[in-house]
Amino acid sequence: MKNTLFILVLMLMASMSFAKEILPTYTLDNSQKDEQLGKNESSFKFTFKSIYDENLSRIIHYSIDGKDSKISMIDNSYIIVNTSPGKHLFQFYYSDRYYEITTDSLLIKPQYCDHYSIYFVDALYPVEVEKPVIYLYPESIIDVEVKVNTKGKTLFMYPEYDEGWKLTAHPNGDLEFEGKTYNYLFWESEQLISPTTKKEGFIIAGENAIQFLEEKLSLAGFNSKEQADFITFWAPKMIQHPWCLVHFVMNEECDQFAELTIEPEPDLVARLYMIWSPIDNIDDFNYLRPQNIQLINRLGFTVLEWGGAKVKHLSMKNEAL
């Protein structure tokens, strides 16, 4: 009896695991004839499920047979696509939080409206946003207050952070805080991010990481000290892998990791984060376009921040969607 019960439990666990693996991303709910459609007309109604946000004007990006479009959802939940009878291939993209969905060829009959439910799968997963450091370069010695609103769970901040850093900044970058001098401010956090990004970036051999970073950071306008801080942290991690995929996130886009509040307000806040992933097959990324690196034009009171994250895999979404 005990052996039989044990086998039944194993079978139930296996069936639950299998059910989880084959959870569909879309289902046909019903197919109805619509006399208002012409003999050479058909339509699809797609209702989007598993979207968790408070956006009151949701826009869905989709393609039908390779033709891209975007449209506002009706009642914030569904769209209707009019087309011809036959087989049609669809792709749906809502935001970086969710994986893009690609259907098989969906067969539809003349004068029919087929209703489908589309189930988006959450693409966010936890990663450590590592070594964000903040340099301050005022034109003269000034007292500054810096606040960092990290997105996610804060893991570490240095020097000690108490609702902000109140310090004295020097033009050479020295920061005086509670009787000690620091080169920069430091924080790290654990955050949920998406593995998707734009169709631009770089494929590099891990062994060439130092040369690559020197070139790109020079283009960005990093000085020799800033480059050394960046490269000595990231290059040892990158050279361990045969190939790396790299994408830089710059300036306002970095608010997705943390928001900075600095008083008095700087003349320039420049931010650069490196999102990178070890990869095995570079042929999977032959569509990748080189990314343009923005030059930091230092003017007046300048603040520079850099950081980054190693992700499991960067699956580039179709930029046209």
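Let us look at the structure shown here. (Residues numbered from 1 in each chain as written. Predicted model: local features only at pLDDT ≥ 70, side-chain atom pairs only at ≥ 80, totals over all residues. Heavy atoms only, no water.)

Here's the deal with the overall build of the chain
Okay, so step 1: Looking only at helices and strands, one finds three helices and 22 strands in the chain.
Okay, so step 2: Out of the 321 residues belonging to the chain, those deemed buried represent 45%.
Okay, so step 3: Pairs at least 24 residues apart make up 77% of the contacts formed inside the chain by residues separated by at least 6 positions.
Okay, so step 4: With an accessible surface of roughly 17700 Å², the chain has 51% of that area assigned to carbon and sulfur atoms. (Helix = DSSP H or I, 4+ residues; strand = E, 2+ residues; numbered from the N terminus. Buried < 20%, exposed > 50% of the residue type's maximum accessible area, 1.4 Å probe, protein only. Contact = heavy atoms within 4.5 Å. Areas by Shrake-Rupley, 256 points an atom, 1.4 Å probe, with all protein chains shown as cover.)

A closer look at the sheet that holds strand S12 (residues 142-150)
Okay, so step 1: Within the open sheet, the five strands sit side by side as S16-S15-S14-S12-S20. Their pairing is antiparallel. Of all the strands in the sheet, just strand S16 (180-182) and strand S20 (258-263) have a single pairing partner and so form its edges. Sheet twist, expressed as the average angle between the axes of neighbouring strands with direction ignored, equals 35°.
Okay, so step 2: Of the strand pairs in this sheet, S12 and S20 are connected by six bridges, and their pairing is antiparallel. Residue Glu-145 lies in a different strand from S20, and its bridge partner there is Glu-263. (Pairing = 2+ DSSP bridges. Axes fitted to C-alpha atoms, helices over the stretch in contact; angles between N-to-C directions.)

A word on helix H3 (residues 224-238)
Okay, so step 1: Taking 1.5 Å of rise per residue, 15 residues should cover 21 Å, and H3 covers 20 Å from first to last C-alpha, within 8% of that figure.
Okay, so step 2: Of all the bends in H3, the largest measures some 35° and sits at Ile-231.
Okay, so step 3: What H3 keeps buried is the set Glu-226, Gln-227, Asp-229, Phe-230, Ile-231, Phe-233, Trp-234, Ala-235 and Met-238.
Okay, so step 4: Along its buried surface, H3 packs onto strand S11 (125-137), strand S18 (202-205), helix H2 (209-220), strand S19 (243-250), strand S21 (268-279) and strand S22 (302-310).
Okay, so step 5: One side-chain oxygen of the residue at the start of H3 lies 3.1 Å from the amide nitrogen of Lys-225, identifying that residue as Asn-223. (Expected span 1.5 Å × (residues − 1). Bend = angle between axes of the 7 residues up to and from the residue. Polar contact = N/O pair within 3.5 Å; in protein donor to acceptor, adjacent residues only side chain to side chain.)

Observations regarding a negative patch on the surface
Okay, so step 1: A grouping of Glu-139, Glu-263, Glu-265 and Asp-267 is seen on the molecular surface, where their side chains present a negatively charged patch.
Okay, so step 2: Along the chain, Glu-265 falls in the loop between S20 and S21.
Okay, so step 3: Assessed through its relative accessible area of 66%, Glu-265 is described here as exposed. (Patch = residues over 30% accessible without salt bridge, like charges linked within 9 Å, V, L, I, M, F, W, Y side chains within 5 Å. Salt bridge = Lys/Arg side-chain N within 4 Å of Asp/Glu carboxyl O. Lys, Arg positive; Asp, Glu negative; His and termini not counted. Charge placed at Lys NZ, Arg CZ, Asp CG, Glu CD.)

Observations concerning the pairing of S12
Okay, so step 1: Two elements, S12 and strand S14 (residues 165-169), share five bridges in a ladder whose sense is antiparallel. Paired with Ile-142 across the bridge in S14 is Ala-169.

Here's the deal with the side chain of Thr-150
Okay, so step 1: Its location among the elements puts Thr-150 in strand S12.
Okay, so step 2: A polar contact of 2.7 Å, which involves the side chain of Thr-150, links it to the side chain of Thr-154.

Concerning the packing of aromatic side chains
Okay, so step 1: A complete count under the given rule lists 28 aromatic pairs for this structure.
Okay, so step 2: When the ring of Tyr-98 is compared with that of Phe-120, the centres are 5.8 Å apart and the planes differ by 50°; the resulting orientation is tilted. With Tyr-98 in the loop between strand S7 (90-93) and strand S8 (101-102) and Phe-120 in the loop between strand S10 (112-119) and S11, this pair connects stretches of sequence that are 22 residues apart.
Okay, so step 3: Judged by its relative accessible area of 2%, Tyr-98 is buried.
Okay, so step 4: One aromatic cluster is present, built from ring pairs that chain together Tyr-26, Phe-44, Phe-46, Phe-48, Phe-90, Phe-92, Tyr-94, Tyr-98, Tyr-116 and Phe-120.
Okay, so step 5: Over the ring of Tyr-78 we find Lys-45, and its NZ or CZ is 4.4 Å from the ring centre.
Okay, so step 6: Stacked on the ring of Phe-233, the Lys or Arg Lys-237 has its end atom at 4.9 Å from the ring centre. (Phe/Tyr/Trp six-rings, centres within 6.5 Å; stacked < 30°, edge-to-face > 60°. Lys NZ or Arg CZ within 6 Å of the ring centre and 35° of its normal.)

Description of the layout of surface pockets
Okay, so step 1: Here the second largest pocket is characterised by a volume of approximately 190 Å³.
Okay, so step 2: Lining the second largest pocket, in full, are Asn-251, Glu-252, Asp-255, Leu-260, Thr-261, Ile-262, Glu-265, Pro-266, Val-269 and Arg-271.
Okay, so step 3: At the level of elements, S20 and S21 are the ones that each hand at least two residues to the lining of the second largest pocket.
Okay, so step 4: A per-element tally of the lining of the second largest pocket places S20 first, with three residues.
Okay, so step 5: Considered class by class, the residues forming the lining of the second largest pocket number four nonpolar, two polar and four charged. (1 Å grid on protein atoms, 1.4 Å probe; cavity = no way out; pocket = protein on both sides within 12 Å on 5 of 7 lines; lining within 4 Å. Points joined across faces, edges and corners; volume = space filled by probe spheres on them. Nonpolar A, V, L, I, M, F, W, Y, C, P; charged D, E, K, R; others polar.)

Quick notes on unusual backbone geometry
Okay, so step 1: The omega angle of the peptide bond from Tyr-158 to Pro-159 is 0°, so this bond is cis rather than trans.
Okay, so step 2: With respect to the element layout, Pro-159 can be found in the loop between strand S13 (153-158) and S14.
Okay, so step 3: Non-glycine residue Gln-111 carries a positive phi angle of around 65°.
Okay, so step 4: Among the secondary structure elements, Gln-111 is positioned in the loop between strand S9 (106-108) and S10.
Okay, so step 5: Residue classification places Gln-111 among the buried positions, given a relative accessible area of 15%.

Description of the side chain of Thr-47
Okay, so step 1: Of note, Thr-47 is situated in strand S2 (residues 42-49).
Okay, so step 2: Overall, Thr-47 belongs to the buried group, its relative accessible area being 19%.

Quick word on the sheet that holds S8
Okay, so step 1: In space, the four strands of this open sheet follow the order S4-S3-S7-S8, with antiparallel pairing throughout. Where the open sheet ends on each side, the last strands, each with one partner, are strand S4 (67-72) and S8.

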